[in-house]
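The chain contents come next:
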Amino acid sequence: MKSNLKVFLKGILDVSPLMIPVVPFGLIFGVLAIDVGFSPLETMGMSLIVFGGASQIVLLQLFSGGASSLVIISSVGAVNSRHLLYGAVVSEHLSDLKLIWKIIISYFLIDQAYAISNEYLKKNKDHNRYFHLVGAGATCWVIWQSTTFLGIILGAAIPEKLGLSFAVPLTFLALLVNDFRKFINVIVIIVSGLVATFGYNYIPFKAYAIVAGLTGLIAAMILTKMIKTNE
Amino acid sequence: MSNWALIIYCGLITYLTRFSMIALIKKEMFNDRIREVLSYVPSAIFPAIIFPAIFLDNSGSILIEDNSKIMAALIAALIGIFSRSIIATIFSGLASYWFLIFVV
């Protein structure tokens, strides 16, 4: 069995390539948060407390559009509902752990750490294998906090004319690149996008993100079912 | 609601999505069907941010003509499909956008 430190370091090493895209993402978040009117301290607090890039940008987007707090909080929950899946998948590797470790690991269960550590957890049966997830998660944490901080500082120096807010749809587009090749995903993307665009002004309380997301998920449910019955 | 309360509630709900499955719920409660549908969450929800940010102007009305964002997003999507790189997608989109608004 490898030492805890070695497994932790392996987690850091494995997740590192996935950190490259997090850098511009964190910078954009920091810049935009100041732009839509959060104080530097609140912006930093958001990255520390929420620690979820996509949902933090959704928060900013809805906040600047004047959405109510309830709508913002439920949209953040909807964006992060994918973590339910991550938790369910890794839980079998963590079932023997003390509650305190489960509490700590949950904070670090983010997209990149999940993607990379799930592979390691599947292949490894050592008792301390969860240190891999802690190492990967802690690496993301350091990158996310430091790029948020840099974004806050840079924010004042970046001219508005550059239209950096366009980086938001681009970032989300980039997160979907692997889904563009799959038929069901493409349909779900188009359905959700159209509902959000045409419903933007008509769906009350700026709840368009939730309505579009749910419509997309219903489309996914129907399509996956249809394909199964045809097989 | 103050900004801080908003941030804390968003943090709480996010933490719960991570913690609940690890600590509270047994794995058996999560069948393959639910897993499959949850795997579509990014495809279902991210377009709700992408599309309005591209197709709507500042006042919220649909803008198709003379909208550089559409062309730039198409270029970014194509680069993304072929490169499968997050960085290449973001930067090709920004570069085309700047080219279209500052040069063309």
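This is a predicted model, so every value here is computed, not measured. (Residues numbered from 1 in each chain as written. Chains lettered and ligands numbered in written order. Predicted model: local features only at pLDDT ≥ 70, side-chain atom pairs only at ≥ 80, totals over all residues.)

Peer 1: Mind showing me how you'd approach the overall build of chain A here?
Peer 2: A count of helices and strands for chain A gives 12 helices and zero strands. Across chain A, helices and strands are ordered from the amino to the carboxyl terminus as α-α-α-α-α-α-α-α-α-α-α-α. Computed over the C-alpha atoms, the radius of gyration of chain A is 19 Å, within 12% of the 17 Å expected from 2.2 N^0.38 for a compact globule of 231 residues. Overall, the C-alpha framework of chain A stretches about 60 × 55 × 30 Å when taken along its three principal axes. (Helix = DSSP H or I, 4+ residues; strand = E, 2+ residues; numbered from the N terminus. Rg over C-alpha atoms; globule rule 2.2 N^0.38 Å.)

Peer 1: Looking at this structure, how should I read the domain arrangement of chain B?
Peer 2: Interface size is commonly expressed as the accessible surface area that is lost when the partners come together. Entries for chain B in the domain assignment read domain 1 (1-30) and domain 2 (40-103). Computed from C-alpha atoms alone, the centre-to-centre distance between domain 1 of chain B and domain 2 of chain B is 31 Å. (Domains from an automatic or database assignment.)

Peer 1: Looking at this structure, how should I read the interface of chain B and chain A?
Peer 2: In this complex, chain B contributes 60 residues to the contact, which on the side of chain A involves 74 residues. Ranked by residue count, the leading element in the side of chain B that touches chain A is helix α1 (residues 3-24) of chain B, at 18 residues. (Contact = placed C-beta atoms within 7 Å.)

Peer 1: How should unusual backbone geometry be read in this particular structure?
Peer 2: Excluding glycine, a negative phi dihedral is what most residues carry, and trans is how most peptide bonds are arranged. Look at F51 of chain A: it is not a glycine, yet its phi comes out positive at around 50°. Inspection of the secondary structure puts F51 of chain A in the loop between α3 (40-49) and α4 (53-64). The buried category is assigned to F51 of chain A, around which 23 C-beta atoms lie within 10 Å. One non-glycine residue, D66 of chain B, adopts positive backbone phi at about 55°. Tracing the sequence through the fold places D66 of chain B in the loop between α4 (47-55) and α5 (68-83). (Buried ≥ 20, exposed ≤ 12 C-beta atoms within 10 Å, placed from the backbone.)

Peer 1: Can you walk me through the nonpolar core in this structure?
Peer 2: Here is a general trend for soluble globular proteins: nonpolar side chains tend to be buried in one another's company. Core analysis: the biggest nonpolar cluster contains 101 residues, and V58, I72, A113, F172, L173 and A209 of chain A together with I49 of chain B have the highest contact counts within it. Among the elements that line this core, the one with the most residues is helix α2 (residues 22-35) of chain A, at nine residues. Setting aside chain neighbours within four positions, we find A113 of chain A in contact with V15, F108, L133, A136, G137 and C140 of chain A. (Core = buried A, V, L, I, M, F, W, Y, C linked by C-beta atoms within 7 Å.)

Peer 1: Just checking my understanding: could you explain helix α5 (residues 69-80) of chain A for this structure?
Peer 2: Three or four residues apart is the spacing at which side chains of an α-helix point the same way, because the helix has 3.6 residues per turn. Taking 1.5 Å per residue, 12 residues should reach 16 Å; α5 of chain A reaches 16 Å between its end C-alpha atoms and fits that length. Buried within α5 of chain A we find V71, I72, I73, S75, V76, A78, V79 and N80 of chain A. Contacts from the buried residues of α5 of chain A go to α4, α6 (82-94) and α12 (208-230) of chain A together with α1 and α3 (41-45) of chain B. (Expected span 1.5 Å × (residues − 1).)

Peer 1: Looking at this structure, I do not really get the domain arrangement of chain A. What am I missing?
Peer 2: Residue and element names in this part refer to chain A. When the domains of chain A are assigned, the result is domain 1 (4-164) and domain 2 (176-231). One C-alpha centre belongs to domain 1, the other to domain 2, and the line joining them spans 24 Å. Every contact between the two is made by 10 residues of domain 1 and, on the other side, six residues of domain 2. Within the residue set of the side of domain 1 that touches domain 2, elements represented by two or more residues are α4 and α5. In terms of residues, the side of domain 1 that touches domain 2 owes the most to one element, α5, which gives four residues. Residues of the side of domain 1 that touches domain 2, tallied by class, amount to five nonpolar, five polar and no charged. (Nonpolar A, V, L, I, M, F, W, Y, C, P; charged D, E, K, R; others polar.)

Peer 1: Looking at this structure, I do not really get the environment of A95 of chain B. What am I missing?
Peer 2: All names here are of chain B. Structurally, the position occupied by A95 is in helix α6 (residues 86-103). The partly exposed category is assigned to A95, around which 14 C-beta atoms lie within 10 Å. In this structure, the C-alpha to C-alpha distance between A95 and A76, residues 19 residues apart in sequence, is 9.3 Å.

Peer 1: Help me understand the packing of α6 of chain A against helix α8 (residues 111-123) of chain A, please; the structure alone is not making it clear to me.
Peer 2: Axes are the key here: two packed helices are described by the angle between their axes and the distance separating the axes. Residue and element names in this part refer to chain A. Contact geometry of α6 with α8 gives a least axis separation of 10 Å together with a crossing angle of 30°. As the angle between them shows, α6 and α8 are arranged roughly parallel. For the pair α6 and α8, the crossing hand works out as left-handed. On the side of α6, the interface is formed by Y86, V89, V90 and H93, while α8 contributes Y114, N118 and L121. For the contact of α6 with α8, a count of residues per class yields five nonpolar, two polar and no charged. (Axes fitted to C-alpha atoms, helices over the stretch in contact; angles between N-to-C directions. Parallel < 35°, antiparallel > 145°, perpendicular 65-115°, else oblique. Left-handed = near helix turned anticlockwise from the far one by under 90°.)

Peer 1: Would you mind showing me how to read the confidence of the model for chain A here?
Peer 2: Caution applies to low-pLDDT parts of the model: their predicted coordinates are not meant to be read in detail. Summing up the model confidence of chain A, the mean pLDDT is 90 and the portion of residues at 70 or higher is 100%. Mean pLDDT across the secondary structure elements of chain A bottoms out at α6 of chain A, with 83, and peaks at α3 of chain A, with 97. (pLDDT = per-residue confidence, 0-100.)

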